[in-house]
Amino acid sequence: MRVLLLSLFTIHYSLFTTSCYNRGPITPDAWDLTAQQLDSISFYTTHHYTQNYNFVVTGDSLVVVAQQPEDMSVPDVVSIELESIGEEKKKDSITIHRNEHVVVADIKTVPSDSIDSIWVKVARDQLTFGWIHENELLSKVSPDDPISQFIDTFSNTHLLVFLAFCVLTGAAYGLRRLMRKGSKIVHFNDIKSFYPTSLCLLIASSAVLYSSIQLFGPETWRHFYYHPSLNPFALPFWLGVFVSSVWALIIVAIATVDEVTRLLPLGEAILYLVGLAAVCAVLYTVFSITTLYYVGYPLLIAYFYFAIKRLKH
């Protein structure tokens, strides 16, 4: 009897599992894409933007032309017609002004163009659109995102050098005045708290990491520039570490202000925080620039040794 029941159960279970198996409908391959779609994916991979991407004009103006790129690419054998074509281009050109928003409407590759083979069609609205070389476009626009525009500002090397000069001059004068008055100042006449030193070390480390990503992973940084995120877990490892350090900076800065106002009277606390801000500004400018020339790495080790030694005293 047991053998019979076991046989029936086995047959029933086999039929049940077999009937539950569904091969599913026969559908085309999910990666059976058209040539245009493949080109769009390939362009996005290398250029980090594609159609429907939003920019904001940061240059003085952006001049686009209504003519098709093929008509604008003139072979050398007809170079004598360049002047007349230039006049025609002026007639068909449209000017988009600073701070206006544009969207990428189309992208074309013109191999015969000796200046720039990639043309981008941008549109301000339904009636204002035209073509422009990619190099000229990217030099005068910024991604329509506040994080990207913030990065754009602080990635300007000339601006960093100018800021470094101003900050070093102002900080040297201010710190000298504070030390003469016997005021509390980080590293030299510090308060009994590790938060100010921690903030300075975080600033220096973040500046070195920021420049290192730009130096050794420019394409990774460029993709982050076009698609920024404040979520460290949604980014590649080193970018995630950098964004985490930015969040840590905010938390430690809040803790530092709270600690300073608790330990010092209001007037002394303000002077201390002003001096701390000057030191942090100097650290950011110095380490972000020196790291681009590989000097920032030994300098960071020396600064850690100096800061920790001063903190112990």
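Read on for an overview of the structure. (Residues numbered from 1 in each chain as written. Predicted model: local features only at pLDDT ≥ 70, side-chain atom pairs only at ≥ 80, totals over all residues. Heavy atoms only, no water.)

**Observations regarding the environment of Tyr-226**
Step number 1: Summarising the element assignment, Tyr-226 is placed in helix H9 (residues 218-226).
Step number 2: By relative accessible area, which is 8% here, Tyr-226 ends up buried.
Step number 3: The spacing of Tyr-226 and Phe-55 is 171 residues in sequence and 9.8 Å in space, taken between C-alpha atoms. (Helix = DSSP H or I, 4+ residues; strand = E, 2+ residues; numbered from the N terminus. Buried < 20%, exposed > 50% of the residue type's maximum accessible area, 1.4 Å probe, protein only.)

**Observations concerning unusual backbone geometry**
When glycine is set aside, most residues are seen to have a negative phi, and most peptide bonds are trans.
Step number 1: At His-48, a position not held by glycine, the phi torsion is positive, near 70°.
Step number 2: Tracing the chain through its elements places His-48 in the loop between helix H2 (35-47) and strand E1 (54-57).
Step number 3: A positive phi is found at Tyr-294, a non-glycine position, where the angle reads about 65°.
Step number 4: The topology assignment puts Tyr-294 in the loop between helix H11 (266-290) and helix H12 (296-312).
Step number 5: Among the residues examined, Tyr-294 registers a relative accessible area of 48% and is labelled partly exposed.

**So, the pairing of strand E5 (residues 118-123)**
Step number 1: Burial analysis of E5 places five of its six residues in the buried class, which makes it a mostly covered element.
Step number 2: As judged from the six bridges shared by strand E4 (residues 101-109) and E5, these two strands associate in the antiparallel manner. Opposite Thr-109, over in E5, you have Ile-118 as the bridge partner.
Step number 3: Of the pairings in the sheet, the one linking E5 to strand E6 (residues 129-133) comprises five bridges and is antiparallel in character. Directly across from Ala-123, in E6, lies its bridge partner Phe-129. (Pairing = 2+ DSSP bridges.)

By themselves, these observations are geometric and do not establish any function.
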